Amino acid sequence: MYIVTSTVVVSPEKADEVIGIYRKRSRRVDENKGFLSFKLIQNTKKKNELTVHMEWESKEAYMAWVKSQEFKEIHDMEKNYPDQELAGIIPTVRQYEVVAE
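Residues numbered from 1 in each chain as written. Predicted model: local features only at pLDDT ≥ 70, side-chain atom pairs only at ≥ 80, totals over all residues. Heavy atoms only, no water.

**So, the overall build of the chain**
Selection criterion: Helix and strand labels come from DSSP, where a helix needs a run of H or I of at least four residues and a strand needs a run of E of at least two; each type is numbered from the N terminus. Atoms counted for the radius of gyration: C-alpha only. Globule rule: 2.2 Å times the number of residues to the power 0.38. The classification of residues rests on relative accessible area computed with a 1.4 Å probe and restricted to protein chains. Under 20% of the type maximum is buried, over 50% is exposed, and intermediate values are partly exposed. When checking whether two residues touch, look at their non-hydrogen atoms; a contact exists if any pair is within 4.5 Å. Per-residue accessibility takes into account occlusion by the displayed protein chains alone, with areas from the Shrake-Rupley method and a 1.4 Å probe. Charged-residue counts in this description rest on Lys and Arg as positive and Asp and Glu as negative, His and the chain ends being excluded. Think of each charge as sitting on NZ of Lys, CZ of Arg, CG of Asp or CD of Glu.
Within the chain, the secondary structure is distributed over four helices and four strands. Secondary structure of the chain in N-to-C order comes out as β-α-β-β-α-α-α-β. In terms of overall size, the chain behaves like a compact globule, its C-alpha atoms giving a radius of gyration of 14 Å where 101 residues would be expected to give roughly 13 Å. Projected onto its principal axes, the C-alpha positions of the chain cover 35 × 30 × 20 Å. By the burial criterion, 36% of the 101 residues in the chain qualify as buried. Taking all contacts inside the chain whose residues are at least 6 apart in sequence as the whole, residues at least 24 apart take part in 69%. Counting only carbon and sulfur atoms, one obtains 52% of the accessible surface of the chain, whose full area is about 7000 Å². Here the chain holds 16 positive side-chain charges and 17 negative ones, and the gap between their average locations is 2 Å.

Right under this line is the structure:
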């Protein structure tokens, strides 16, 4: 299994807005081969720190998604988000290989 996280820190007053965006997400990634799950998680001590947690069958499945036209379209939409504060946020992305369960 391959896990990818993408963490953003937003201004405290924007956290609920970002959560709302993800609750209404397109779910286009869900249909990709090798995709297992998506979660948006919130830091319990820093409510304005939000992390997308995605699980994939393999690194290859994740990389196929990253190279897809759908990935490009979704991320281009994020760059053009009307709220420039949110559009300008650069997430911290981390990738993990599950080595034991």
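Moving on, there is more to tell.
**So, the sheet that holds strand 4 (residues 92-97)**
We count it as follows: Strand pairing is assigned whenever DSSP detects at least two bridges linking the two strands. For helices, the fitted line uses only the C-alpha atoms of the stretch in contact; every axis is such a line through C-alpha atoms, and the angle between N-to-C directions lies from 0 to 180 degrees.
The strand order across the open sheet formed by four strands is 2-3-1-4, and the pairing between neighbours is antiparallel. Sheet topology places strand 2 (35-42) and strand 4 at the edges, where each strand pairs with a single neighbour. Each adjacent strand pair in this sheet contributes to an overall mean axis angle of 15°, direction not counted. Bridge count between strand 1 (residues 2-9) and strand 4: six bridges; the pairing is antiparallel. Counted as the bridge partner of T5 is R94 from strand 4. Of the strands in this sheet, strand 2 and strand 3 (49-56) touch helix 1 (residues 15-23), which is tilted by about 165° from strand 2. Sheet strands in contact with helix 2 (residues 59-66) are strand 1, strand 3 and strand 4, and its direction is about 115° off that of strand 3.

**Section: the nonpolar core**
We apply this condition: Joining through side-chain atoms within 4.5 Å is the link that ties buried Ala, Val, Leu, Ile, Met, Phe, Trp, Tyr and Cys residues into a set, and such a set is a nonpolar core.
In this structure, V29, F35, M54, W56, Y62 and W65 are the most contacted members of the largest nonpolar core, which totals 13 residues. Those elements that provide at least two residues to this core are strand 1, strand 2, strand 3, helix 2 and helix 3 (69-79). In contact with V29, not counting residues within four places along its chain, are F35, M54, W56 and W65.

**Overview of the pairing of strand 2**
Across seven bridges, the pairing between strand 2 and strand 3 is antiparallel. Across the sheet, the residue bridging to I41 is T51, located in strand 3. Linkage of strand 2 to strand 3, two consecutive antiparallel strands, is achieved through a turn of six residues.

**Some thoughts on unusual backbone geometry**
Residues other than glycine seldom take positive phi values, yet R27 does so here, at roughly 65°. With respect to the element layout, R27 can be found in the loop between helix 1 and strand 2. Accessibility expressed as a relative area gives 44% for R27, which makes it partly exposed.

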